[in-house]
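Residue-level structural notes
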Amino acid sequence: MSPPVAPPGWSRWLVPPAALSVHLSIGQAYAWSVFKPPLESALGLSGTQSALPFQLGIVMLGLSAAFGGTLVERNGPRWAMTVALICFSSGFLLSSLGAATEQYWLIVLGYGFVGGIGLGIGYISPVSTLIKWFPDRPGMATGIAIMGFGGGALIASPWSAQMLESFGSDSSGIALAFLVHGLSYAVFMLLGVLLVRVPRSEKPVESAPSAFEGPQVSARNAVRTPQFWCLWVVLCMNVTAGIGILEKAAPMITDFFKGTSTPVSVSAAAGFVALLSAANMAGRIGWSSTSDLIGRKNIYRLYLGVGAVMYGLIALFGDSSKPLFILCALVILSFYGGGFATVPAYLKDLFGTYQVGAIHGRLLTAWSTAGVLGPLIVNWIADRQEEAGKSGSALYGLSFVIMIGLLVVGFVANELVRPVDVRHHIPAPREAADVGARQQPESA
């Protein structure tokens, strides 16, 4: 499938909605928890077992983005979005079959493995194209799309809950809900497949700089540079810090204020989780757009430096002030979302647009690592502290100190980022042509 080239006069503002249709769909992954209790009840699963499809999906997201990034660059966004549509929707259809027949391994295979491939390919599918269409505002452009991944759960959670209420929370009701998800997301993602276009080789708009100017680095060369690995550390540390709160948000705020004059109810804890999701989504567009004005290195100084301060405030004063705890957590989660949305533009600044999608895919292995590291730190330490007889905010003090240390490591890594050495650049097209012409023997 050849990448569809935009005809003259095509509006670049049609591309963000195409990307958004894919990211809003695959953002359903953050709403998996809605299906956990019904699955545990209907199929007799433990909490660990019911989390397996989601965990495998995130692992496959990182792996498919890393190994499929070059294919996405080679075949273009329409091919990538089509693959994402097929895998993500097929994952739901397989899960529907698994729920209907009460074969849990089919749900793990469908949602986790097949659907996870759709997550990874879909996540990186529009990034390179958006940066090429918006070389003047790459942070804003990628932020619009990646905002959809953070906000997909705001749509999927109530929608899924309503379906389970209407269809029933037994195995047949879950199967029907999965079926409706698979078919509905296929239609919605198809809008992106049909709408997406790549820019012509000239400037997309007269007032914008060309996306094809400046240093260009291949994906193979990029992973050999210290800049790539510094950014890998930056992303991993930022995500670890954010997901450490996100994954355990409801029990964390309940623990912090248990035994105080202002305990947190179950419904209030659920509202706190919704607020965190909103902050995650808002940070993706807000902070990434800000990076176009103040620069990528400066915005990551904010994410990492201020994030460490927020963790310190929670550790010191969080259990004495509910507004302070909530405010600091919202800021940290906005930085978590902003870090995801800003990193493609940071990669573009360093490595150019030549294979930025493939480079981004490889960098997302940092997300897979952080997805294991963050929850492991918070949950393991909380369990050990509880065994030692501690309770309340004391369960998390050591975890927060570790998070502060990780953010400092990320801050230092960001400071070490420098322009990529010219030896890693590929020749510009005209330069390469001139070199080739000089190497041709003169005609008689």
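In this text, all values refer to a predicted model and were calculated from it rather than measured experimentally. (Residues numbered from 1 in each chain as written. Predicted model: local features only at pLDDT ≥ 70, side-chain atom pairs only at ≥ 80, totals over all residues. Heavy atoms only, no water.)

Our next topic: the overall build of the protein chain. Each helix and strand in the protein chain was counted, giving 18 helices and zero strands. For the protein chain, whose C-alpha radius of gyration is 23 Å, the value lies close to the compact-globule estimate of 22 Å for 444 residues. Its C-alpha atoms give the protein chain principal-axis dimensions of roughly 90 × 50 × 35 Å. Considering the protein chain as a whole, with its 444 residues, one finds that 53% of them fall into the buried category. Total accessible area on the protein chain stands at roughly 18,100 Å², and carbon and sulfur atoms take up 65% of it. (Helix = DSSP H or I, 4+ residues; strand = E, 2+ residues; numbered from the N terminus. Rg over C-alpha atoms; globule rule 2.2 N^0.38 Å. Buried < 20%, exposed > 50% of the residue type's maximum accessible area, 1.4 Å probe, protein only. Areas by Shrake-Rupley, 256 points an atom, 1.4 Å probe, with all protein chains shown as cover.)

Turning our attention to the domain arrangement of the protein chain. Each domain of the protein chain was delimited in the assignment, giving domain 1 (12-195) and domain 2 (219-421). For domain 1 versus domain 2, the distance between C-alpha centres works out to 22 Å. Each partner contributes to the interface: domain 1 provides 31 residues, whereas domain 2 provides 29 residues. Together, the buried faces of domain 1 and domain 2 total about 2,500 Å²; carbon and sulfur atoms form 69% of this surface. On inspection of domain 1 and its partner domain 2, the count reaches zero salt bridges. Among the secondary structure elements, those contributing two or more residues to the side of domain 1 that touches domain 2 are α3 (47-75), α5 (104-124), α6 (127-133) and α7 (138-167). Residue contributions to the side of domain 1 that touches domain 2 peak at 12 residues, all from α7. Broken down by class, the residue content of the side of domain 1 that touches domain 2 amounts to 19 nonpolar, nine polar and three charged. (Domains from an automatic or database assignment. Contact = heavy atoms within 4.5 Å. Buried area = accessible area lost by both parts, 1.4 Å probe. Salt bridge = Lys/Arg side-chain N within 4 Å of Asp/Glu carboxyl O. Nonpolar A, V, L, I, M, F, W, Y, C, P; charged D, E, K, R; others polar.)

On to helix α14 (residues 322-351), then. Look at α14: 43 Å from first C-alpha to last across 30 residues, which is about the 44 Å you get at 1.5 Å a residue. Counting buried positions along α14 gives 22 out of 30 residues, so the element sits mostly inside the fold. For α14, the N-terminal cap is Ser 321; the gap from its side-chain oxygen to the backbone nitrogen of Leu 324 is 3.3 Å. Looking one or two residues past α14, Gly 352 carries a phi angle of roughly 80 degrees, positive in sign. (Expected span 1.5 Å × (residues − 1). Polar contact = N/O pair within 3.5 Å; in protein donor to acceptor, adjacent residues only side chain to side chain.)

With that out of the way, let us pick up the environment of Ala 6. Tracing the chain through its elements places Ala 6 in the segment before α1 (15-26). Owing to a relative accessible area of 2%, Ala 6 belongs among the buried residues under this scheme. For Ala 6 and Val 198, which are 192 residues apart along the polypeptide, the C-alpha to C-alpha distance reads 5.8 Å. With near-sequence residues (within four places) excluded, Ala 6 lies in contact with Trp 133, Arg 197, Val 198 and Arg 200.

A separate point is unusual backbone geometry. Unusually for a residue other than glycine, Glu 102 sits at a positive phi of about 55 degrees. Mapped onto the secondary structure, Glu 102 falls in the loop between α4 (77-101) and α5. On the basis of relative accessible area, Glu 102 is assigned to the partly exposed category, the value being 48%.

Below, the discussion takes up the packing of aromatic side chains. Scanning the entire structure with this criterion turns up 30 aromatic pairs. Between the aromatic rings of Trp 32 and Phe 35, the centroid separation amounts to 5.8 Å while the plane-to-plane angle is 40 degrees, which identifies the pairing as tilted. Ring centres of Trp 159 and Tyr 185 lie 5.7 Å apart, and the angle between their planes is 85 degrees; on these two criteria the pair is classed as edge-to-face. Taken together, the residues span a long stretch of sequence, with Trp 159 in helix α7 and Tyr 185 in helix α8 (residues 171-195) at a distance of 26 residues. (Phe/Tyr/Trp six-rings, centres within 6.5 Å; stacked < 30°, edge-to-face > 60°.)

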